[in-house]
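Letter by letter, the chains look like this.
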Amino acid sequence: MLERVVGRMFRAATSRTENCSNPVNMNASTSHDSTNGQPTQARLQGDVQINNTDHVLLKIATLYAERLMSDVTLVVGGVEYPAHRLILCASSEVFQVMLMSPRWSESHESRVVLQESGPCSDIFGEFLSYFYTGRIRINQHTIMPVLLLADKYNVKDLTELCGQYMCDHIAHAATNNQLITWFQYALSLSHYQVAQACENFLKWNFELVARASDFVNLQQDVFVRILQQSDLVVHNEMTVYNIVVQWLEAQTLFEDDPDVEEEMFQMIKQVMEPIRFPMMSPRQLAELLLSPLTKAYKEFFIERMAIGMSYHSNQIERILQVCQMEDGRLMFTPRLYTADRWCSLLSVENFSQLQAYNTRTLVFSSQAVVAEYAGEKSCDWVIDLYPKGVWFRKFFLIVWQGTMEVPECVLRTVRVSVTCREFPSGGEDFRARIGLLITGVQDGVEHTMAVYQRCHRFSQEDKVLHLDDIVEYDDLNESFNNPKQSPFLVGENRDVFKLNIVITPLTEYCYPDENVPIEMLVR
């Protein structure tokens, strides 16, 4: 914004100089376009545009640094900051209203006192300097006070820069007890890009985030919303339960409340309702009987555990009753479980040496059922990964008219082909959720960086599912136009591509419907 103001001032000054020094030459150099009659400025031989923006900005920065010609003083935390109304108004819509609107007393004063919190007071001088220089140093410690000031004074360009910084350093924030603060602040101020990036990191690295000390600061309503998601990446449903218990043990909001028992029960009920008890094994459900929470709130937990046992014993009538409840089908919908029975790792070592269009293949089995009554059924899969594009060679197709040549074709895509090699015994088809968990590195932290999901019904006529662009081709593969190291390559030498494949069975009781694909989710 400051550069635009300076540019307008510079162009206006240049125009006035030309008008005064040589008006005849200016008129002589003006011609009319032969097609539409509009005036155009003829270019003289050797005509160049001079860009001295940096030098002009340096002059303006000097006004602030040496406190020259200031016409207003901002007082923050007892410290005085001489400033210029023109610069403040050009940089901030809030200052523009405050200093130019007659309805505000500050518009008539030369000394304006601003109330800021301690951290914001500490960096206010750097924040103000940004108005003059367009430069500010931010890090993990200063990002929040800078963003608070940018939001308060509606400095939109700085707000965007802070948001981009946060998206680029979420992994570091997660391992340094800041992710929850960033997430909830972004939600409260509707910074959707940052909020979505934080939420995705939280869902796809749930166990990592739960180990941070600030996890217990997650607000109850936000926590419940996270627990309702089917793309939560966890070892199994018991892991989700244990993390919820950990969060509950840290909540001391009602210690001095005389109605603490009822208040605590309502909290437990809200955060435990999204737990998918049918996705626990009968043995795990039995272990919950020994939990202190179960003993303290026996009626609530026994009812939820009974739903789980009804699923494992195929009590259809009870299952259908639950399905008719609000979000009842979510109880019978598996998440992205990384336990061995659902998940397997496909790793490409020495990625830089892999030839274009080459394939890496993984063969594994996943459990075809969750319910105990169905017994041990498995489904065999072949996973083909094409990390460096797909090449279809030229071939000849014989048709009734004769032979037709089909030219070669190259697809710049990162493809995964999922083949159902062997169906569960006695099954004509198999409905499953396919989840691809792509590992990446940010700030030295290895984590699940992207998730690709799809619900699909495999049959004898439709055994293969092709998933293209699981990550952007150029983001994974180095090129002349994109020489930076890929964030999706991990390992000591950053030369390994890791892909976890999760395949969980879906029944008629699950949600979403089989015809509703789940779109790719990338942070």
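Residues numbered from 1 in each chain as written. Predicted model: local features only at pLDDT ≥ 70, side-chain atom pairs only at ≥ 80, totals over all residues. Heavy atoms only, no water.

Caption draft 1: View of the packing of helix α14 (residues 220-227) against helix α15 (residues 237-249). Running from amino to carboxyl end, α14 crosses α15 at an angle of 175°, the nearest separation of the two axes being 12 Å. One finds that α14 runs roughly antiparallel with respect to α15. On α15, the residues touching Gln220, Phe223 and Leu227 of α14 are Val240, Val244 and Trp247. (Axes fitted to C-alpha atoms, helices over the stretch in contact; angles between N-to-C directions. Helix = DSSP H or I, 4+ residues; strand = E, 2+ residues; numbered from the N terminus. Parallel < 35°, antiparallel > 145°, perpendicular 65-115°, else oblique. Contact = heavy atoms within 4.5 Å.)

Caption draft 2: Focus on the nonpolar core. Phe124, Phe131, Phe206, Phe215, Met272 and Phe301 are the most contacted members of the largest nonpolar core, which has 107 residues in total. Residue contributions to this core peak at eight residues, all from α15. Those residues in contact with Phe301, other than ones at most four positions away along the chain, are Tyr241, Ile268, Met272, Phe277, Leu293 and Thr294. Counting residues in each nonpolar core, the second largest holds 37 residues, with Trp381, Val414, Cys420 and Ile503 among its members. (Core = buried A, V, L, I, M, F, W, Y, C linked by side-chain atoms within 4.5 Å. Buried < 20%, exposed > 50% of the residue type's maximum accessible area, 1.4 Å probe, protein only.)

Caption draft 3: Summary view of the sheet that holds strand β10 (residues 378-386). Taking strand neighbours across the sheet as the criterion, the four strands line up as β9-β10-β15-β18 in an open arrangement whose pairing is antiparallel. Edge positions in the sheet fall to β9 (360-367) and β18 (464-467), since each of these pairs with one other strand and no more. The mean inter-strand angle of the sheet, taken between neighbouring strand axes irrespective of direction, is 20°. Pairing geometry for β9 and β10, over eight bridges, is antiparallel. By the bridge assignment, Gln367 is partnered in β10 with Ser378. (Pairing = 2+ DSSP bridges.)

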